[in-house]
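Structure assessment
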Amino acid sequence: MKSTSYSDKVLDHFRNPRNVGDLKGKDIAKGSVGNPVCGDLMEFSLKVKDNRIQDIKFKTFGCGSAVATASMITELAKGKTLDEALKITRKDVADELDGLPPVKMHCSNLAADALRDAINNYKEKQKTKDEPEKSSTKPHSEHITGEKEFSGKGVYHAVKDPSSLKDQRVLIQDRGKKSIQMAETIAEHSPRVVLVTKEKSQKVKKTIQTELRKSGVKILFESELKEISGLNSVEKVKIHDLDEDNIYELFVDAVVLI
Ligand code: FES
C-alpha cells in the first residue's frame, strides 16, 4: 500500500463501520479518550459476560481512519476475554486493516486506548461491586455547626422523595457510598447538586468521578462542610477549602447528610 492511499479493508470499514453506537444499562462499562494530536474523540461501551466481551459499540468524532480502526477493533475484541482484549495493540489493528498511511497511525491510538479505558473501567466497577459495604471515600463524621438546628428545615438525613428537591441548590456531604448514590439520584431532579468531599481528586476512583460528572454533579475536592446557617431555613453554608486553607460561603437551599 502506498503511504498516501488506503487499503480496501480500511475503505470497507470506513464505509460500512461495524458496531457503531452506544450500549446502555447498569452493567455497561464505558471508556473514552481524546487524541492529543488532532483533538478528536472516541468512546467505547462494553457488555461483559463471564469475563468475555459479549457486545461492544463505538462512537467517534474522529476521521475515516479512526472510524475504520474502531470498527476493526470491535470485531477483534468481541468474544475475547478482557485480558486478551487488553493485549490488542494499534499495530494489530493496523495490520488487520492491511496497513494505514503513516500519518494516520496516531488515529489508531484512539480506538486501542478507548478500548483499554473501557476495560479498565469495567474492572474497577467490578472491584467496587465486590466491596459493597466499603466506602470509596473516607467517612466524614466531624461536627457541623447548624446541623441539628436546621434539621428538617433544609438539612436532611434522609431523602424519601428526591423530586421534592427539584431545581434546588443541594449540597451533599460525602459520607460514603450512600451519599454518592444520593447525589446522583437528586441530580436527576436538579442541575445544581454539589458533592463536598475531603478527598483529593486522585484518591476518588475515576469511575465514580465519571458517573458523578455524567449525572451533572459538581464535586468539591479537598473540602469540608463546616457550618450551615440561615434565618428560618438553610440559606448558606461555610466550606473549608483544605488545600488553600480558607473558608468561603456558598448559597444553598438544602443540605443532605446521609
Ligand atoms: Fe483525528 Fe484521525 S485525524 S482521529
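What counts, and at which threshold
- Residues numbered from 1 in each chain as written.
- Predicted model: local features only at pLDDT ≥ 70, side-chain atom pairs only at ≥ 80, totals over all residues.
- Heavy atoms only, no water.
- pLDDT = per-residue confidence, 0-100.
- Contact = heavy atoms within 4.5 Å.
- Salt bridge = Lys/Arg side-chain N within 4 Å of Asp/Glu carboxyl O.
- Helix = DSSP H or I, 4+ residues; strand = E, 2+ residues; numbered from the N terminus.
- Buried < 20%, exposed > 50% of the residue type's maximum accessible area, 1.4 Å probe, protein only.
- Pairing = 2+ DSSP bridges.
- Axes fitted to C-alpha atoms, helices over the stretch in contact; angles between N-to-C directions.

**Comments concerning the confidence of the model for the protein**
Averaged over the protein, the pLDDT score is 86; the fraction of residues at 70 or greater is 91%. Note that residues 132–140 has pLDDT below 50 and, in this model, 18 contacts with residues that lie over four places away or in other chains.

**Structural notes on the pattern of salt bridges**
Tallied over the entire structure, the rule returns 15 salt bridges. Taking the shortest distance from any N to any O, the salt bridge between Asp55 and Lys78 comes out at 3.8 Å. Of the two residues, Asp55 sits in strand β3 (residues 52–60) while Lys78 sits in the loop between α2 (64–77) and α3 (82–86), which places them 23 residues apart along the sequence. Among the salt bridges present, the one from Glu249 reaches Lys236, with a minimum N-O distance of 3.5 Å. Residue Glu249 is located in strand β10 (residues 246–251), and its partner Lys236 is located in strand β9 (residues 236–241); the two are separated by 13 residues in the primary sequence. By relative accessible area, Glu249 is classed as partly exposed at 41%. Note on Lys236: relative accessible area 25%, which makes it partly exposed. In this structure, a network of salt bridges that share partners links the residues Asp22, Lys24, Lys30, Glu43 and Lys59.

**Focus: the pairing of β9**
Taken together, the six bridges between strand β8 (residues 223–229) and β9 define a ladder with antiparallel strand orientation. The partner of Glu224 across the bridge, within β9, is His240. Judged from the six bridges that link them, β9 and β10 form a sheet pairing that is antiparallel. By the bridge assignment, Lys238 is partnered in β10 with Glu249. Between the antiparallel neighbours β9 and β10 lie four residues, among them Asp245 with a positive phi of about 55 degrees.

**Notes on the sheet that holds β3**
Here we have three strands laid out as an open sheet, ordered β1-β2-β3, and antiparallel in their pairing. Looking at strand neighbours, the two that pair on one side only are β1 (28–34) and β3, the edges of this open sheet. Direction aside, neighbouring strands of the sheet carry axes that sit 20 degrees apart on average. Two strands pair when backbone bridges link them, and β1 and strand β2 (residues 41–49) are joined in this way by seven bridges, in the antiparallel orientation. Looking at β2, one finds that Ser32 is bridged to Glu43. Each of β2 and β3 is contacted by α2, which is oriented at about 170 degrees to β3, the strand it contacts most.

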